Amino acid sequence: MDIGAIDHLECYVADVDDSAHFLRDAFGFQVCGRGGPDTGLTGCRSVLLRQHGISLLLTTALDEHHPAAAYVERHGDGVAVIAVTTPDAHAAFTEAVERGAAAVEPPTELKGDGTRVTTASVIGFGDVVQRFVERTDPTGPFAPGLLVEEHPGAAAPGLLRTIDHLAVCVPAGELDRTVRDYQSIFGFSQTFEERIIVGSQAMDSKVVQSESGKVTLTIIEPDTTREPGQIDAFVRAHDGAGVQHIAFLTEDIAQAVRDCTKRGVRFLSTPSRYYDALPERIGALGVPLDELRELSILADRDHWGLLLQLFTESRHPRGTLFYELIDRRGGRTFGSNNIKALYEAVDRQRAADPEPAT
């Protein structure tokens, strides 16, 4: 199956304007398009946001028949559609269904302004849909006839470049099946796996990636023989499998963190003692240790190089979806040595905040 990159993510949300304003004000996304019944959409309102190679489509249901209504009722706001580029959406859809995927939407064509966009969808995992997108002109309109856009295809400026990966939490016992589905149906390869133990908690994780290397999912399940932890909490609050966080790639994480902090983003803090041991743990950093400590940026090293990352607090009422900023300076993995620090930081947030609503 010929899958290129992530074309866009579609998030189903309760309040499309509030969500769009947050992503614009907090992370510097630009509103590039809007749609609703007056533009050709049925039963919903949508807002398109962009920044460099990132496109986020936010959708709110206007009636109970739109799939966003049931999704938000069950899960709250979240990533409902992972849309990937392909040169032939018809072929990708047919192949996926023949390989066992559940069909959601057969191939549908949108035409306008001399371009054609073909989409088709199947189930990926849980209630999350995998959408195939074929564009005759990648710089043309996002959804001709459905959204009204300003500057179609233009790359809005900012410090966030692309979607590095998506972290997916699944209920216990579903990790291997989800990985097999992405291998057998979508042609992904497993590139990494690990078991992580943090105190009395444990989880298992596997990474799957498209052949192009541009679509990456880290899939995580809890170990229910151990004490319940954050993965258990996500699955319970989200009511099933879902995207736990979206990782945005940046080429200057320090500036991105400073910029987002000024915009009101709240990042997870990191214990100061983490930085005391950092040089001994990973060697020469190539970045000022005091700057990392000041900004709570986590650092890790693998065989290929350095990785810098930082996670936001969740503003979701259920304490589920959050974001990551990641700066790859050669590093290809996902900061597994930082997971304990992340867990400690999240646990501090949970201890300080009221119990999330479920």
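A brief look at the structure comes next.

Cut-offs and rules
- Residues numbered from 1 in each chain as written.
- Predicted model: local features only at pLDDT ≥ 70, side-chain atom pairs only at ≥ 80, totals over all residues.
- Heavy atoms only, no water.
- Helix = DSSP H or I, 4+ residues; strand = E, 2+ residues; numbered from the N terminus.
- Rg over C-alpha atoms; globule rule 2.2 N^0.38 Å.
- Buried < 20%, exposed > 50% of the residue type's maximum accessible area, 1.4 Å probe, protein only.
- Contact = heavy atoms within 4.5 Å.
- Areas by Shrake-Rupley, 256 points an atom, 1.4 Å probe, with all protein chains shown as cover.
- Lys, Arg positive; Asp, Glu negative; His and termini not counted.
- Charge placed at Lys NZ, Arg CZ, Asp CG, Glu CD.
- Pairing = 2+ DSSP bridges.
- Axes fitted to C-alpha atoms, helices over the stretch in contact; angles between N-to-C directions.
- Expected span 1.5 Å × (residues − 1).
- Arc of directions from axis to C-beta.
- Polar contact = N/O pair within 3.5 Å; in protein donor to acceptor, adjacent residues only side chain to side chain.
- Phe/Tyr/Trp six-rings, centres within 6.5 Å; stacked < 30°, edge-to-face > 60°.
- Lys NZ or Arg CZ within 6 Å of the ring centre and 35° of its normal.
- Salt bridge = Lys/Arg side-chain N within 4 Å of Asp/Glu carboxyl O.

**Concerning the overall build of the protein chain**
Secondary structure summary: the protein chain contains 10 helices and 17 strands in total. For 358 residues, the compact-globule formula gives about 21 Å, and the C-alpha radius of gyration of the protein chain, at 20 Å, lands near that figure. Along the first, second and third principal axes, the C-alpha set of the protein chain runs to 60 × 40 × 40 Å. Burial status across the protein chain gives 54% buried among its 358 residues. Across the protein chain, contacts joining residues at least 24 apart in sequence account for 66% of those joining residues at least 6 apart. By element, 48% of the accessible surface of the protein chain is carried by carbon and sulfur atoms, the whole surface being about 15400 Å². If the 34 positive side-chain charges of the protein chain are averaged to one point and the 53 negative ones to another, these points end up 4 Å apart.

**Concerning the sheet that holds strand β11 (residues 189-198)**
Each strand in a sheet pairs with its neighbour through backbone hydrogen bonds, running either in the same direction (parallel) or in the opposite one (antiparallel). Read from one edge to the other, the open sheet built from 8 strands follows the order β11-β12-β13-β10-β14-β17-β16-β15, with strand pairing classed as mixed. On the outer flanks of this sheet lie β11 and β15 (298-301), each paired with one strand and no other. Sheet twist, expressed as the mean angle between neighbouring strand axes with direction ignored, is 25 degrees. Where strand β16 (residues 306-311) and strand β17 (residues 322-329) come together, 5 bridges link them in antiparallel fashion. Within β17, the position partnered with F311 by the bridge is E324.

**Side note on helix α1 (residues 16-27)**
Its 12 residues place the ends of α1 16 Å apart at the C-alpha level, agreeing with the 16 Å of an ideal helix rising 1.5 Å per residue. Looking at α1, one finds that the buried residues are V16, S19, A20, F22, L23, A26 and F27. Across the axial projection of α1, the buried residues extend over an arc of 155 degrees, all falling on one side. In this structure, the buried residues of α1 make contact with β3 (44-51), β4 (54-61), β10 (160-169), α6 (253-262) and β17. Looking at where α1 begins, the residue whose side-chain oxygen comes 3.2 Å from the main-chain nitrogen of D17 is D15. Once α1 finishes, G28 follows within two positions and takes phi at roughly 80 degrees, a positive value.

**Quick notes on the packing of aromatic side chains**
A full pass over the atoms with the stated rule returns 13 aromatic pairs. Ring centres of Y182 and F186 lie 4.8 Å apart, and the angle between their planes is 40 degrees; on these two criteria the pair is classed as tilted. Each member of the pair, Y182 as well as F186, is classed as buried. Members of the aromatic cluster, joined through ring pairs, are F22, F27, F29, F248 and Y323. Above the ring of F142, the side-chain terminus of R135 is found at 4.9 Å from the ring centroid. When the ring centre of F22 is taken as reference, the NZ or CZ atom of R315 above it lies at 4.0 Å.

**Some words on the pattern of salt bridges**
Where charged atoms from two side chains of opposite charge come close, those side chains can pair. Taken as a whole and assessed by the stated rule, the structure comprises 26 salt bridges. The partner of R131 in a salt bridge is E10, with the nearest N and O atoms 2.9 Å apart. Separated by 121 residues along the polypeptide, R131 in strand β8 (residues 128-135) and E10 in strand β1 (residues 6-12) bring together distant segments of the chain. The burial state of R131 is the same as that of E10; both residues are buried.

**What to know about the sheet that holds β3**
Pairing in this open sheet of 9 strands is mixed, and the strands run β6-β7-β8-β5-β1-β4-β3-β2-β9 from one edge to the other. Bordering the open sheet on either side are β6 (103-112) and β9 (148-149), each of which pairs with just one other strand. Where strand β5 (residues 78-85) and β8 come together, 5 bridges link them in parallel fashion. Counterpart to V84 in the pairing with β8 is F132. Across the sheet, α1 touches β2 (30-35), β3 and β4, and the angle it forms with β3 is around 10 degrees. Strands in contact with helix α3 (residues 89-98) are β6, β7 (115-125) and β8; relative to β7, the strand with the most contacts, it is inclined by about 15 degrees.

**Side note on the side chain of T39**
Position of T39 relative to the elements: it lies in the loop between β2 and β3. Those residues within four positions of T39 in sequence are excluded, and the remaining contacts are R34, G145, L146, L147 and V148.

**Points about the environment of G100**
Within the fold, G100 resides in the loop between α3 and β6. On a C-alpha basis, the gap between G100 and H21 in space is 39 Å, while along the polypeptide they are 79 residues apart.

**Focus on the pairing of β8**
Within β8, 8 of the 8 residues are buried, leaving the element largely enclosed by the surrounding structure. Where burial is concerned, the two faces of β8 agree: the one with V128, Q130, F132 and E134 and the one with V129, R131, V133 and R135 are both buried. One ladder, built from 8 bridges, connects β7 with β8; its direction is antiparallel. Directly across from V122, in β8, lies its bridge partner Q130. Connecting β7 to the antiparallel partner β8 that follows it, the hairpin turn spans 2 residues, and G126 within it adopts a positive phi of roughly 50 degrees.

Purely geometric numbers; function is a separate question.
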